[in-house]
Amino acid sequence: MNVRSGERAPAEPPANRLGDLDRVFERAGTMAPLLRDLDWSATPLGDPDTWPQSLRSAASICLGAKYPIAIYWGDELALLYNEAWSIIPGDKHPWALGKSARAVWPDIWDIVGPEFDRALQGTGMWVADRLLPMERRGYLEETYFNYNLSPIMAEDGRIEGVFNAGMETTSRVVAARHQRVLIDLIAETASATTVGEAFAGAVEALAGHREVAPFALLYRLDDGAAHLTGTTGVAAGGEGTGASVRLGVDADPWRIQEAIERRRAVVVEDIGRFAEVHAHEGWPEAAHTAVTLPVVRSRRRKRRVEGVLVVGVPPGLRIDPQHQEFHAALADRFALSVLDARREEEERRMFEIEHRIAETLQESLIPALPELDHVDLAGCYLPGTEGLEVGGDWYDAIPLPDGSVTLVIGDVVGKGVAAAAQMGQLRNALRAYVLEGFSPGAVLSKLNHLTLSLSGSTFATLLVLRYEPGDHTVQWCRAGHLPALVRRADGTVELLDGDGSPPIGVFEGVAFRESQRRLQPDDVVVLYTDGLVEKPGEDIDVSIDQLAHRVGALPVGAGFLDAIVAPLADTDRRDDVAVLVLST
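The rules behind the values
- Residues numbered from 1 in each chain as written.
- Predicted model: local features only at pLDDT ≥ 70, side-chain atom pairs only at ≥ 80, totals over all residues.
- Heavy atoms only, no water.
- Helix = DSSP H or I, 4+ residues; strand = E, 2+ residues; numbered from the N terminus.
- Rg over C-alpha atoms; globule rule 2.2 N^0.38 Å.
- Buried < 20%, exposed > 50% of the residue type's maximum accessible area, 1.4 Å probe, protein only.
- Contact = heavy atoms within 4.5 Å.
- Areas by Shrake-Rupley, 256 points an atom, 1.4 Å probe, with all protein chains shown as cover.
- Lys, Arg positive; Asp, Glu negative; His and termini not counted.
- Charge placed at Lys NZ, Arg CZ, Asp CG, Glu CD.
- Axes fitted to C-alpha atoms, helices over the stretch in contact; angles between N-to-C directions.
- Parallel < 35°, antiparallel > 145°, perpendicular 65-115°, else oblique.
- Nonpolar A, V, L, I, M, F, W, Y, C, P; charged D, E, K, R; others polar.
- Pairing = 2+ DSSP bridges.
- pLDDT = per-residue confidence, 0-100.
- Phe/Tyr/Trp six-rings, centres within 6.5 Å; stacked < 30°, edge-to-face > 60°.
- Lys NZ or Arg CZ within 6 Å of the ring centre and 35° of its normal.
- Polar contact = N/O pair within 3.5 Å; in protein donor to acceptor, adjacent residues only side chain to side chain.
- Salt bridge = Lys/Arg side-chain N within 4 Å of Asp/Glu carboxyl O.

**Structural notes on the overall build of the chain**
Point 1. Helix and strand content of the chain: 14 helices and 22 strands.
Point 2. For the chain, the C-alpha radius of gyration of 32 Å lies well beyond 25 Å, the compact-globule estimate for 584 residues.
Point 3. Dimensions along the principal axes, computed over C-alpha positions, put the chain at roughly 95 × 80 × 40 Å.
Point 4. Across the 584 residues of the chain, 50% fall into the buried class.
Point 5. Across the chain, every contact between residues at least 6 apart in sequence was considered, and the portion connecting residues at least 24 apart equals 60%.
Point 6. When the accessible surface of the chain is summed, it comes to about 27000 Å², and 50% of that surface belongs to carbon and sulfur atoms.
Point 7. Separation of charge centres in the chain, based on 56 positive and 86 negative side chains, amounts to 4 Å.

**Side note on the packing of helix H6 (residues 170–189) against helix H9 (residues 321–348)**
The description of two helices packed together rests on the angle between their axes and the distance between the axes.
Point 1. Between H6 and H9, the shortest axis-to-axis distance is 10 Å and the interhelical angle comes to 5°. One way to sum up the angle between H6 and H9 is to call them roughly parallel. Residues Ser171, Val174, Ala175, His178, Val181, Leu182, Leu185, Ile186 and Thr189 of H6 form the contact with H9, whose own contacting residues are Gln322, His323, Phe326, Ala329, Leu330, Arg333, Phe334 and Ser337.
Point 2. Of the residues that constitute the contact of H6 with H9, the class distribution is 10 nonpolar, six polar and one charged.

**A few points about the sheet that holds strand S21 (residues 524–528)**
Point 1. Within the open sheet, the five strands sit side by side as S12-S22-S21-S17-S18. Their pairing is antiparallel. Each having just a single partner strand, strand S12 (376–382) and strand S18 (493–496) make up the two edges of the open sheet. Averaged over all pairs of adjacent strands, the angle between strand axes in this sheet comes to 20°, irrespective of strand direction.
Point 2. Across five bridges, the pairing between S21 and strand S22 (residues 577–583) is antiparallel. Of the residues in S22, the one forming a bridge with Val524 is Ser583.
Point 3. Here helix H13 (residues 540–553) sits on the sheet in contact with strand S17 (484–487), S18 and S21, set at roughly 30° to S17.

**Considering the sheet that holds strand S4 (residues 140–153)**
Point 1. One open sheet accounts for five strands, arranged S2-S1-S5-S4-S3; its pairing is antiparallel. Looking at strand neighbours, the two that pair on one side only are strand S2 (78–81) and strand S3 (125–135), the edges of this open sheet. Averaged over all pairs of adjacent strands, the angle between strand axes in this sheet comes to 35°, irrespective of strand direction.
Point 2. Bridge count for strand S1 (residues 69–73) against strand S5 (residues 159–168) is five bridges, and the pairing is antiparallel. Residue pairing across strands places Tyr72 opposite Val162, the latter belonging to S5.

**Looking at the confidence of the model for the chain**
Any residue range with low pLDDT should be treated as having predicted coordinates unsuitable for detailed reading.
Point 1. The predicted model of the chain averages 88 in pLDDT, with 90% of residues at 70 or higher.
Point 2. Counting interchain partners and residues more than four positions distant, the pLDDT-below-50 stretch residues 1–6 has two contacts.
Point 3. Overall, residues 8–19 carries pLDDT values under 50, and its contacts beyond four positions in sequence, including any with other chains, amount to 20 contacts.

**Some thoughts on the side chain of Glu306**
Point 1. Mapped onto the secondary structure, Glu306 falls in strand S11 (residues 302–312).
Point 2. Taking the relative accessible area as the measure of exposure, Glu306 reaches 1% and is therefore buried.
Point 3. Setting aside residues no more than four positions away along its own chain, Glu306 makes contact with Val195, Phe199, Arg220, Leu221, Val295, Arg297, Val338 and Arg342.

**Quick notes on the packing of aromatic side chains**
Point 1. Counted by the stated rule, this structure contains 10 aromatic pairs.
Point 2. Plain terms: the ring middles of Tyr81 and Trp85 are 4.9 Å apart, the flat faces sit at 40° to each other, and that makes the pair tilted.
Point 3. Here the aromatic rings of Phe215 and Trp254 are separated by 5.9 Å at their centres, their planes lie at 40°, and the arrangement is tilted. In this pair, Phe215 is assigned in the loop between helix H7 (195–207) and strand S6 (216–222) and Trp254 in the loop between strand S8 (244–246) and helix H8 (256–262), connecting sequence segments 39 residues apart. For the pair formed by Phe215 and Trp254, the shared burial category is buried.
Point 4. What links up through ring pairs into an aromatic cluster is the set Phe25, Trp40 and Trp51.
Point 5. The ring of Tyr139 carries the charged tip of Arg318 above its face, separated from the ring centre by 3.6 Å.

**A word on the side chain of Ser543**
Point 1. Tracing the backbone shows Ser543 in helix H13.
Point 2. Owing to a relative accessible area of 3%, Ser543 belongs among the buried residues under this scheme.
Point 3. Of the polar contacts made by the side chain of Ser543, one reaches the backbone oxygen of Val533; its length is 3.0 Å.
Point 4. Polar side-chain contacts of Ser543 include one of 2.6 Å to the side chain of Glu538.
Point 5. The residues contacting Ser543, other than those within four sequence positions of it, are Val533, Lys535 and Glu538.

**Considering the pairing of S3**
Strand residues, when the strand is regular, have side chains that alternate between the two faces of the sheet.
Point 1. Bridge analysis of S3 against S4 gives nine bridges, and the strand direction is antiparallel. Considered in S4, the bridge of Trp126 is made with Asn148.
Point 2. Two successive antiparallel strands, S3 and S4, enclose a turn made up of four residues, where Gly138 displays a positive phi of approximately 90°.

**Focus on unusual backbone geometry**
Point 1. His93 connects to Pro94 through a cis peptide bond whose omega is 5°.
Point 2. Looking at where Pro94 falls in the secondary structure, it is placed in the loop between S2 and helix H4 (101–104).
Point 3. One non-glycine residue, Leu77, adopts positive backbone phi at about 50°.
Point 4. Summarising the element assignment, Leu77 is placed in the loop between S1 and S2.
Point 5. Backbone geometry at Asp223 places phi at a positive 55°, although glycine is not the residue there.
Point 6. Secondary-structure assignment places Asp223 in the loop between S6 and strand S7 (225–232).

**Focus: the pattern of salt bridges**
Point 1. Evaluation of the coordinates by the stated rule reveals 25 salt bridges.
Point 2. In this structure, Glu142 and Arg177 form a salt bridge, with 2.8 Å as the shortest nitrogen-oxygen distance. Placement of Glu142 in strand S4 and of Arg177 in helix H6 is noted, with a sequence separation of 35 residues between them. Taken individually, Glu142 and Arg177 each receive the classification buried, so the pair is uniform in this respect.
Point 3. With a closest N to O distance of 3.9 Å, Arg513 and Asp499 form a salt bridge. Of this pair, Arg513 sits in the loop between strand S19 (500–501) and strand S20 (515–518) while Asp499 sits in the loop between S18 and S19, and the two are 14 residues apart along the sequence.
Point 4. For Arg513, a relative accessible area of 42% gives the class partly exposed.
Point 5. Linked by salt bridges that have partners in common, Arg136, Arg137, Glu141 and Glu168 make up one network.

This is the structure:
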């Protein structure tokens with residue numbers, strides 16, 4: 001077409017402004033037949049041939065995208081969305097196509113309605129992990145989303161619609177909650193010395209996570225009966241909160257006997273018939289479903305049910321594979337804690353014998369440090385003064401054929417023979433990995449996998465540091481451990497912090513990141529465990545700063561290590577202490 005200067009080209013017919021809309025709909029994947037067959041003229045969007053260019057452009061972007069995208073258009077904010085977004089409305093798809101936003105989302109309009117208003121006024125927005133309690137599968141569902149709302153301009157500059165891109169994050173949010181519960185369960189039960197304390201610690205851990213466990217009841221088995229040892233989130237006095245249940249005799253609303261006999265989780269519905277459950281703050285409904293979990297401890301090829309854990313299911317969620325995995329992990333982790341507590345009880349009955357064994361074992365695990373040509377090494381171990389004089393702190397120095405030396409300091413959580421035995425296993429395995437030539441990060445990765453395969457719920461912090469005397473470089477990796485100190489010749493002190501990672505024995509598949517730094521001649525490196533700096537009620541960072549100040553003020557040479565630990569010599573120590581010093 002020839003157009004003279006100054007003349008405006010005639011507008012394309014509506015059907016060709018973006019090309020044939022059938023071709024746009026074809027890009028919608030499995031939704032293409034729905035889009036072609038829908039009677040758009042019966043919707044607020046109207047016949048597609050009458051759609052303005054701005055809507056056609058937005059539709060083309062939306063329907064061709066593989067990321068979840070929706071378009072809300074016009075005064076009623078009529079809905080158009082792509083295949084990736086179609087799972088978001090649940091059972092409302094495909095009914096929601098062409099419907100108004102308020103009709104599709106009446107249950108969350110009090111939340112998103114004002115956000116749409118702001119977008120229509122020209123202000124876009126983005127939110128992360130926003131809770132949207134929506135009814136899309138026949139019940140009020142707890143869902144979380146990352147999403148944005150952005151205004152769409154019409155050809156004349158007016159705002160005619162809202163562009164919405166978003167992704168549901170419910171699974172990730174719930175997984176993070178589950179992880180926090182398991183971590184807190186480990187923390188609350190790690191120090192349990194009796195089975196009763198392990199049960200109490202589990203109740204305490206669950207009580208702090210009502211969003212995951214709206215309520216919980218723990219039963220301990222003894223003499224053919226299940227005895228209630230603790231509850232959270234459930235009112236006393238109902239049929240489901242009796243002091244004990246004689247198995248096979250009394251009413252058993254939680255189906256405890258079935259869970260014990262089957263050695264597997266049992267789902268209990270409609271619990272309001274026999275228990276009064278408190279609604280969790282922030283959610284309008286109380287839980288109505290529970291899972292009864294047998295606490296099975298395995299020992300010497302025997303699987304004994306130690307107790308039963310009844311856990312409520314959040315009312316806005318359903319039991320899916322993710323929840324099943326969490327419930328299994330919860331029962332297994334608690335069973336390991338109970339097993340550790342049972343061991344502690346058995347150990348106390350043999351205290352005198354255990355005491356002698358522990359002393360001998362601890363002495364055998366603190367090595368004689370090697371004499372090296374290019375560096376001086378000094379180490380010190382102080383046992384705790386409470387209970388058995390044995391703990392989980394340890395150190396080692398491993399010279400390598402290339403002239404380098406690897407230093408290790410660690411702290412296995414817990415005390416007594418179990419902690420020392422675990423320490424011995426870790427120390428022997430670690431030496432083997434170092435001598436095979438693995439770097440500090442690779443050593444911790446292998447050790448983490450090994451620790452997770454061992455029985456018991458113990459985990460450990462570790463610092464592995466390799467020193468190359470040729471160029472004075474140190475390469476290190478920390479797994480939940482405190483940073484080493486470097487004392488310069490002028491008395492200044494620096495932290496070898498770098499990237500930290502979680503303790504070993506907590507998570508599988510952790511990426512243990514290494515750091516590297518070059519030292520100066522006459523630098524001194526100090527590795528230590530938390531017993532040297534930890535003080536009740538004092539921030540650990542403040543304590544480390546105080547230690548750094550003391551180390552910087554001490555003269556280097558004979559007596560340097562003794563001066564570091566001198567303040568602890570005549571004190572009551574709740575924890576043992578290990579210190580390892582390398583002088584370049």
